[in-house]
Structures are given as C-alpha cells and as structure tokens.
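Each chain, letter by letter, is given below.
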Amino acid sequence: MKKVMAALSGGVDSSVAVCLLQKAGYDCSGSIMTLHAPAPESISDARSVAQRLEIPFYVMDCQEMFRKCVIEDFIAAYERGDTPNPCIACNRCLKFSHFLAEAEKLGCEGIATGHYARIRKDESTGRYLLLRAKDSAKDQSYFLYMLTQDQLSRVLFPLGELTKPEVRQIAEENGFINANRKDSQDICFVPDGDYMAFMERYKGKAYDCGPFLDMNGNQVGTHKGAVGYTLGQRKGLGLAMGAPVYVCAKDMENNTVTVGPEENLFSTTLIAESCNWFPFDALTSPIEVTAKARYRHKEQPATVSPLPDGRVGVVFHSPQRALTTGQAVVFYDGETVIGGGTICKIK
C-alpha cells in the first residue's frame, strides 16, 4: 500500500498521522468529512496542514449519511432505553466504510486515521489483529472493535506507537496551526452535553414527564422524561429520599424511572450481539478474557461463551456497576483485542 487517503479532522492527531506517513514515503492525500454541520475552523485547519505538506485536499459532505446512520440511530437507541455510543456507529458506517470507498474512487489503496491503536498481521493465520496503543491513556481500540479483516488490511494507524506528548511535539516541529489545540471530549453533535435537549430540538417535540418509582414500585417523584436518564445516574434527579439513590432501571413503554440504593446497580452477566472477532471468524468455545463494558470502564476478568443464536454470554468474575444495554463490550487478551459486541441484555 503506497497511495493513502488520510482522514483529516482539523485536529492535531490526524495532522501528525498524515505527516508521518508522508515522511515514511507514502503518496498521501487528505480529506475532511463534514458530518453534522459544516465546521469552517476545522476545514480551515485541515486545509492548512494539507497545504503545508503540499498534498491534495478534499472536503467530503457526509452530513446526510451521518444523520441517518449516527444521529437517528442515537435517538432511536435512547428512545428504546439503551445508551448508545455514537463514535462506534460513526466508525462503522462512515470512517472505515464510506470514507474507504470514497478514497478508492480517488485512486487510493487505503486510508489512515489519527486513532491511537495498532494493527499487526498474524503470519501463522493470515489474520489481521487489532492491538492497544502504546499510550494507554489515549488508547482507542475500544472504539474500533467492529473493524473487518478487509478494512484492517487497508487501514493505517501511524500514531499507535506514540504518546500524545510526542504527537504534539511533532506537530510543533512541523509548524501545524493546531499543535496545541485542546482535545475534544464531547459528542461532536452535542457539544454542550445536553443530549435530551438536542433530541427534543431534532425531533421537534418535548418528552413526557413520568413517575420516579422506588424499588417497591411506589411513586417518589416526577421525572422530566425517561430518555434523559442513564443507569447509575445520581446527580440531577431532584429527589430527597433521606439517602443517596441512583437510576436502577427504566421502563420506556410506561415511561417510568426506578431509583434505589447503589447496590442494586451491580450485576455479573450480560448478553452481547452483533459480535466481531479478530483472531478467528466466530467464537466456538468459552474463552477467558478481560472485558471492558464502556470506554471509561476498567476492564475486568470475564468468561465469554458462545450462544446458539450467534450472540455471546459474558460472565464477569466479580459484580460490575451499571452494565448498560446499547454500550459496547470489548474483549482483550493482554494487548490484543479479541473482539466485541453490543450489550443487548443484562442478567
């Protein structure tokens, strides 16, 4: 692979990624995808980097696809009581599918992104493996568990062996305008973090209020719409019950939110669907892994077993707090990502 399209976001990571590829001898182009709305500053910064490196630069309008594949999926998930991860949906639908296809139309053999992860080919099996990044604080392998073997064979992650301080230093040495730009921490289309307000604006409606229930089913207050609460939430409930309470369950059909003591949040078993695997095509027998049930979750030892319908059962060796449907559960063996899936049931 010599001709590569780099996904430029206007940020420092993607800028350094394409810079490193060019210095390694790749024939590079750069492209920014406009997703939920045009971002003049990001486009300007991405173009500035491309001009500095003297590479072709493209702007891909992906707003309609992003709306259908990410935003509407995000809203639908919340409305059925799940807690989605839109970054994973975006990676699956746009960054490693649509973007790769568009890059090929422009004569590129593959793509590169600024993700912190690594790829290695297992010569004994011929399969491509996904590995954690060198910088554990920035590792993004959790968000990439859905990549296919074909995609991995045509994707480059130039930052996988670097730390964030090293990336910023490279950006400064090359005079990139975004060298010291602060990392984005929010969902890109909900920059203020108020996803319920975003959903109401997008849908053009207000979600109905409903009853807060205690663990015995007694009403203890009124909530502002069940979609606005997540499992394990304590802040913002507006309840005075003499002791701290947390969101323990939601019934979307009846628009109720059940609250209770924190001990009600712990469970050991979940079922995951739509699984993807790296060392093998399918899981055929139980394996021991460490599992991460959300991005900020410290991975924990677990047993993963195949189920007859293609889903998998995951049993943690110790109870885990606030396991949540809609989130991804990703499995590791040391630095190697074994695979992952979407949590569809908590037992």
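This text follows the structure it describes.
These numbers were taken from a predicted model, which means no experiment stands behind them.

What is the right way to look at the packing of aromatic side chains in this model?
For any pair of aromatic rings, geometry is given as the distance between the ring centres together with the angle between the planes. The full count for this structure, using the stated rule, is 14 aromatic pairs. On the basis of an interplanar angle of 90 degrees and a centroid distance of 6.4 Å, the ring pair of Phe-74 and Tyr-195 is categorised as edge-to-face. Taken together, the residues Phe-74 in helix 3 (residues 63-79) and Tyr-195 in helix 7 (residues 195-203) connect sequence positions 121 residues apart. Classification of Phe-74 by relative accessible area gives buried; the value is 1%. Among the residues examined, Tyr-195 registers a relative accessible area of 14% and is labelled buried. Ring geometry for Phe-212 versus Tyr-229: centroids 5.5 Å apart, planes at 80 degrees, classification edge-to-face. Placement of the pair is Phe-212 in strand 8 (residues 210-213) and Tyr-229 in the loop between strand 9 (219-223) and strand 10 (246-251), with a sequence separation of 17 residues. Here the two residues Phe-212 and Tyr-229 agree in accessibility, since each one is buried. Three or more aromatic residues joined by ring pairs make a cluster, and in this case those are Phe-66, Phe-74, Tyr-78, Phe-189, Tyr-195, Phe-198 and Tyr-202. In this structure, Arg-132 packs its charged tip against the face of Tyr-332, placed 4.1 Å from the ring centre.

Honestly, the state of the cysteines in this entry has me stumped. Any pointers?
Working definition: the covalent bond between the sulfur atoms of two cysteines is a disulfide. The full count for this structure, using the stated rule, is 0 disulfides. Cys-28 provides the cysteine sulfur closest to Cys-19, a residue in no disulfide bond, and the two sulfurs are 9.3 Å apart. On the accessibility criterion, Cys-19 (0% relative accessible area) is buried.

Would you explain the packing of helix 3 against helix 4 (residues 86-105) in this entry?
What describes two packed helices is the angle between their axes and the distance between those same axes. For the pair helix 3 and helix 4, the least separation of the axes is 9 Å and the interaxial angle reads 160 degrees. By the angle between their axes, helix 3 is roughly antiparallel relative to helix 4. Note that helix 3 runs across helix 4; the crossing there is right-handed. Together, Met-65, Phe-66, Cys-69, Val-70, Asp-73 and Phe-74 of helix 3 and Pro-86, Ala-89, Cys-90, Cys-93, Leu-94 and His-98 of helix 4 make up the contact between the two elements. Partitioning the contact of helix 3 with helix 4 into residue classes produces 10 nonpolar, 1 polar and 1 charged.

Definitions and limits used
Residues numbered from 1 in each chain as written. Predicted model: local features only at pLDDT ≥ 70, side-chain atom pairs only at ≥ 80, totals over all residues. Heavy atoms only, no water. Phe/Tyr/Trp six-rings, centres within 6.5 Å; stacked < 30°, edge-to-face > 60°. Helix = DSSP H or I, 4+ residues; strand = E, 2+ residues; numbered from the N terminus. Buried < 20%, exposed > 50% of the residue type's maximum accessible area, 1.4 Å probe, protein only. Lys NZ or Arg CZ within 6 Å of the ring centre and 35° of its normal. Disulfide = S-S within 2.5 Å. Axes fitted to C-alpha atoms, helices over the stretch in contact; angles between N-to-C directions. Parallel < 35°, antiparallel > 145°, perpendicular 65-115°, else oblique. Left-handed = near helix turned anticlockwise from the far one by under 90°. Contact = heavy atoms within 4.5 Å. Nonpolar A, V, L, I, M, F, W, Y, C, P; charged D, E, K, R; others polar.

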